[in-house]
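The primary structure of each chain is shown beneath.
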There are 2 protein chains.
Amino acid sequence: MTIRRQNGLAVDSLLAIGRQAKSAARVLALAPAAQKDRALRAAAAALRARADDILAINAADQEAARAAGRPASFIDRLTLTGPRVEAIARGLEDIAALPDPVGAVIASWERPNGLKISRVRVPLGVIGMIYESRPNVTADAGGLCLKSGNAAILRGGSECFESNRAIHACLAEGLRTAGLPETAIQLVTTTDRDAVGYMLEGLGGAIDVIVPRGGKSLVERVQKEARVPVFAHLEGICHVYVDKAADLEMARAIVLNAKLRRTGVCGAAETLLVDEAGAAQLLRPLVQALLDAGCEVRGDEATCAVDARVVPAAEADWHTEYLDAIISVKLVPGVRGAIDHIAKYGSQHTESIVTDDPATAETFLREVDSAIVLHNASTQFADGGEFGMGAEIGIATGRFHARGPVGVEQLTTFKYAVRGNGQIRPL
Amino acid sequence: MTIRRQNGLAVDSLLAIGRQAKSAARVLALAPAAQKDRALRAAAAALRARADDILAINAADQEAARAAGRPASFIDRLTLTGPRVEAIARGLEDIAALPDPVGAVIASWERPNGLKISRVRVPLGVIGMIYESRPNVTADAGGLCLKSGNAAILRGGSECFESNRAIHACLAEGLRTAGLPETAIQLVTTTDRDAVGYMLEGLGGAIDVIVPRGGKSLVERVQKEARVPVFAHLEGICHVYVDKAADLEMARAIVLNAKLRRTGVCGAAETLLVDEAGAAQLLRPLVQALLDAGCEVRGDEATCAVDARVVPAAEADWHTEYLDAIISVKLVPGVRGAIDHIAKYGSQHTESIVTDDPATAETFLREVDSAIVLHNASTQFADGGEFGMGAEIGIATGRFHARGPVGVEQLTTFKYAVRGNGQIRPL
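Please read all numbers here as calculations on a predicted model, not as lab measurements.

1. Remarks on the overall build of chain A
Helix and strand counts for chain A stand at 14 helices and 16 strands. Projected onto the principal axes, the alpha-carbon positions of chain A cover approximately 70 × 65 × 40 Å. Burial statistics for chain A: of 427 residues in total, 53% are counted as buried.

2. Quick notes on the domain arrangement of chain A
Here chain A is described as being made up of domain 1 (11-233 + 405-417) and domain 2 (238-381). If you average the C-alpha positions of domain 1 of chain A and of domain 2 of chain A, the two centres end up 35 Å apart.

3. Describing the sheet that holds strand S5 (residues 185-187) of chain A
Within a sheet, neighbouring strands are paired by backbone hydrogen bonds and run either parallel or antiparallel to one another. Residue and element names in this part refer to chain A. An order of S5-S4-S3-S6 is seen for the four strands of this open sheet, with the pairing classed as parallel. At either end of the open sheet lies a strand with only one pairing partner, and these are S5 and strand S6 (209-213). When the angles between neighbouring strand axes are averaged without regard to direction, this sheet yields 20°. Relative to strand S4 (residues 151-155), strand S3 (residues 126-131) is paired through five bridges, and the arrangement is parallel. Bridged to Val126 within S4 is Ala151.

4. Comments concerning the relation of the copies chain A and chain B
Expressed as a screw operation, the relation of chain A to chain B combines 0.0 Å of axial shift with a rotation of 180°, fitting to an RMSD of 0.0 Å. The transformation just described matches what one would write down for a two-fold rotation axis. For chain A, the residue whose C-alpha comes nearest the rotation axis is His401 of chain A, separated from it by 2.0 Å. The share of interface residues of chain A whose copies in chain B are also at the interface is 100%, consistent with both copies meeting through the same surface.

5. What to know about helix H2 (residues 33-49) of chain B
Residue and element names in this part refer to chain B. With 17 residues, H2 ought to run about 24 Å at 1.5 Å a step, and its terminal C-alpha atoms sit 24 Å apart, in line with that. All buried positions along H2 are accounted for by Lys36, Asp37, Ala39, Leu40, Ala42, Ala43, Ala44, Ala46 and Leu47. The secondary structure elements touched by the buried residues of H2 are helix H3 (51-67), helix H5 (82-97), helix H6 (135-147) and helix H7 (161-177).

6. Let's talk about the interface of chain A and chain B
Listed per partner, the contact involves 49 residues of chain A and 49 residues of chain B. Those elements giving two or more residues to the side of chain A that touches chain B turn out to be helix H10 (248-260), helix H14 (358-367), strand S13 (372-377) and strand S16 (412-423) of chain A. Sorting elements by how many residues they give to the side of chain A that touches chain B places S16 of chain A first, with eleven residues. Residues that form the side of chain A that touches chain B fall into these classes: 24 nonpolar, 15 polar and ten charged. Note: S13 of chain A against strand S16 (residues 412-423) of chain B, five bridges, orientation parallel. Its bridge partner lying in S16 of chain B, Ile372 of chain A is registered against Tyr416 of chain B.

7. Thoughts on the packing of helix H13 (residues 334-345) of chain B against helix H14 (residues 358-367) of chain B
Think of two packed helices as two axes; the pair is described by the angle between the axes and how far apart they sit. Residues and elements named next belong to chain B. Running from N to C, H13 and H14 cross one another at 15°; their axes reach a closest spacing of 10 Å. Taken together, H13 and H14 sit at an angle that is classed as roughly parallel. Our pair here, H13 against H14, has a crossing hand that is right-handed. Along the contact surface, H13 presents Val335, Ala338 and Ile339, while H14 presents Thr360, Thr363, Phe364 and Glu367. Across the contact of H13 with H14, the residue classes tally to four nonpolar, two polar and one charged.

8. Observations regarding the environment of Val297 of chain B
Mapped onto the elements of the fold, Val297 of chain B is located in strand S9 (residues 296-299). Spatially, the C-alpha atoms of Val297 of chain B and Thr271 of chain B are 9.6 Å apart, while their sequence positions differ by 26 residues.

9. Some points on unusual backbone geometry
The general pattern is negative phi for most residues beyond glycine and trans for most peptide bonds. Residue and element names in this part refer to chain A. Phi is positive for Leu203, close to 50°, though the residue is something other than glycine. Within the element layout of this structure, Leu203 appears in the loop between helix H8 (194-200) and S6. Of note, Gln348 is a non-glycine position whose phi angle comes to about 55°, a positive value. One can find Gln348 in the loop between helix H13 (334-345) and strand S12 (350-354).

10. Overview of the confidence of the model for chain A
Residue and element names in this part refer to chain A. Mean pLDDT over chain A stands at 93; residues scoring 70 or higher make up 98%. Within the model, pLDDT remains below 50 along residues 1-8, and this stretch shows 13 contacts once partners closer than five positions in the same chain are excluded. With pTM at 0.91, the complex prediction returns an ipTM value of 0.91.

11. Things to note about the pairing of strand S13 (residues 372-377) of chain B
Of all six residues that make up S13 of chain B, six are buried, and the element is covered over most of its length. At this point the chain moves from strand S12 (residues 350-354) of chain B, through H14 of chain B, to the parallel S13 of chain B, and the crossover so formed is right-handed.

12. Focus on the sheet that holds strand S4 (residues 151-155) of chain B
Residues and elements named next belong to chain B. The strand order across the open sheet formed by four strands is S5-S4-S3-S6, and the pairing between neighbours is parallel. Where the open sheet ends on each side, the last strands, each with one partner, are strand S5 (185-187) and strand S6 (209-213). Within the sheet, the average angular offset between the axes of one strand and its neighbour, ignoring direction, is 20°. The pairing of S4 with S5 spans three bridges and is parallel. Within S5, the residue paired with Ile153 across the bridge is Gln186.

13. Digging into the pairing of S3 of chain A
All names here are of chain A. Burial analysis of S3 places six of its six residues in the buried class, which makes it a mostly covered element. The handedness of the S3 to S4 crossover, carried by helix H6 (residues 135-147), is right-handed. As defined by bridge partners, S3 adjoins S6 across five bridges and the pair is classed as parallel. Bridge pairing in S6 places Tyr131 opposite Arg213.

14. Details of the environment of Gly69 of chain A
Residues and elements named next belong to chain A. By secondary structure assignment, the location of Gly69 is in the loop between helix H3 (51-67) and helix H4 (72-78). The exposure class assigned to Gly69 is exposed, which follows from the 7 C-beta atoms found within 10 Å. Between the C-alpha atoms of Gly69 and Trp318, which are 249 residues apart in sequence, the distance is 31 Å.

15. A word on the environment of Ala391 of chain B
Residue and element names in this part refer to chain B. Here Ala391 is to be found in the loop between S13 and strand S14 (394-396). Distance from Ala391 to Phe231, taken between C-alpha atoms, is 16 Å for residues 160 residues apart in sequence. Those residues in contact with Ala391 that lie beyond four places of it in its chain are Gly91, Asp94, Ile95, Asp140, Leu144, Gly384, Gly385 and Gly407.

Cut-offs and rules
- Residues numbered from 1 in each chain as written.
- Chains lettered and ligands numbered in written order.
- Predicted model: local features only at pLDDT ≥ 70, side-chain atom pairs only at ≥ 80, totals over all residues.
- Helix = DSSP H or I, 4+ residues; strand = E, 2+ residues; numbered from the N terminus.
- Buried ≥ 20, exposed ≤ 12 C-beta atoms within 10 Å, placed from the backbone.
- Domains from an automatic or database assignment.
- Pairing = 2+ DSSP bridges.
- Axes fitted to C-alpha atoms, helices over the stretch in contact; angles between N-to-C directions.
- Least-squares fit on C-alpha atoms with pLDDT ≥ 70 in both.
- Contact = placed C-beta atoms within 7 Å.
- Expected span 1.5 Å × (residues − 1).
- Nonpolar A, V, L, I, M, F, W, Y, C, P; charged D, E, K, R; others polar.
- Parallel < 35°, antiparallel > 145°, perpendicular 65-115°, else oblique.
- Left-handed = near helix turned anticlockwise from the far one by under 90°.
- pLDDT = per-residue confidence, 0-100.
- Right-handed = clockwise from strand over helix to strand, strands pointing away.

Given below as structure tokens:
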């Protein structure tokens, strides 16, 4: 795909991408499962066959990012290695192995007048994906959209455009091999930031949903400018509440895992709430376990008192997604206190309670208004794969359509098929 | 609820309505079914007890609308009568009799690591309803939101503010009787049109979804200004396709019912497509039946040729939702031609095929991309009640979250409750 530049922005070309996607979506919506899976497997084969080229192209992207003074974490995210390319290829094969969501009958019933009503899964249409410099997302998102019968318009971060282009060429080869339109997965490669604005406006009615994946500035821009529905993947200010009836060993294992298994994922815990009625037994060992594992602890007064290494938490800490080895810790008056704190500071992503009291656990599960609420398990299970959904595009934090992990089923909608034998509606 | 006016617009009061709704939503989300149903039944009783007052207030609204020169159809929509008030009260009781959608477990499964995952229905939160001058919507929408555990902010047309206020007082009495916060259903009674704008922006983050019900100008405004998700209820340019393998008697009955049972509903047919291979037997009798029933027919060349009363259709006719006793009629080359015509001109609302050929029917059901597709049945079945969902707020024409009839289930979202016994996620 080449962008013809006019007045600094290739609006016509972007609109053409939209039209092509809409037309490809109609083909894709009706494509048999076997044809879509063949495209996914052929794309995986192409990735393996071209791995050396892809790594060379990616090395140049890394070099440019380093020259531009990008931080190490940024460069790590855009870096491909042999095993990472293999993981991307295997990811596409895993998507191929999932059941086809399209055409599945979700529900069916018969009316007294004999009408037979079925609710049938159909694709959403055209999905616009806006993401930062992680080349693996190009394959993951393209593959998930293809499997769910949607056309995809991908706009990745400019620092890995060349890596994205190389990966996209493999997806295009897969589509070609399977006899599907290559325009089913298109890559927007203009570096003009206004391209994102045009996508957020829907590319002339072509885009049915925008999936943004990125930091706060992208998310804020999306919320301000989007004129089409959005699967928001916002911050995860996740909480673990340790109740007075918690088993200390279980609580310690869950808190350490929720915070430190990976600190950069949206399901990582950012705040530990401890029941003040259990503080005497629980607070010091939990805080010390975190400190000993290398985690910075920012605590309220009681937490500061248990270990000199704890620093005082400010009000802002309760609002902060650290995405780092830092945790805020606070005593709360029981499960009600935890529920109130989460209602005030949480981001409706994922929260966990540790307790051996089933009634307290059920209160928490019922009253905490988050996409995922867990009892006696780590918040890091907030993941489509861990839920058994296969690959995911991310964790949706909105309340609409998809909530929690967004996999192939969540990328579909439905229609009603109604079968009659001449029914007309009485007056 | 009184609006304090400042600089012509009561922004502070509107924001206060939002905050009160958000706080009421937390209570309502956890309210037991019996308490919500008690509020609905008490509201119905209040409507009956105050019917005379309501009718007197409504008569004044009618008088003012007549004095303002509003057309008869407009005045009919805002007019209440004894039977209409009784129907509104019975509607609330019907909603009370529906099963409570909140808390229902939609799906549950266990993971190999022993985690038990449930997907549980929960309310959406705060629903902002913007509608025109139909006082019955005040009760219907308020009742459906209450049943589904959502707080409602209702903004009806200014010409029936007093009627709405009288009906709203009955809803408030019902909430009070049941011990629920009266702020669970609030009525915005400022006549300032900017109130709609503030609602579309979400009232400071308070509104989770906007449900607009109205004509094109409202819908266009919503699409331009809404910053929160919308359940769009757009136009229904519904089609009936009569295939060459159709039974003429069945086709005639379905076409007449689809077009003429009620012409003002969104599921009314606006275009009749006839298979050119069956035109010789089908076209003239279908067209004449429509003409004889008092329907204006705007046809393509072949249709004009069958009866002198047919007027030629212009290109605009294929795009038009008449909501009147007018139909456009066209020959198409078989089911493929019908599918292509609908893809080009339809509004993805409701379409029907009449045929005795099951393979042709399945092609149509599969390939027509509308919320509702029917075989051998009238498009006027596009209705939540006819689908067995009970009352509905309307037919959603978007592809997101709710598609087709929006009843109490569609006014909910879900969360995942995950029960473990100490699981942590491996690296």
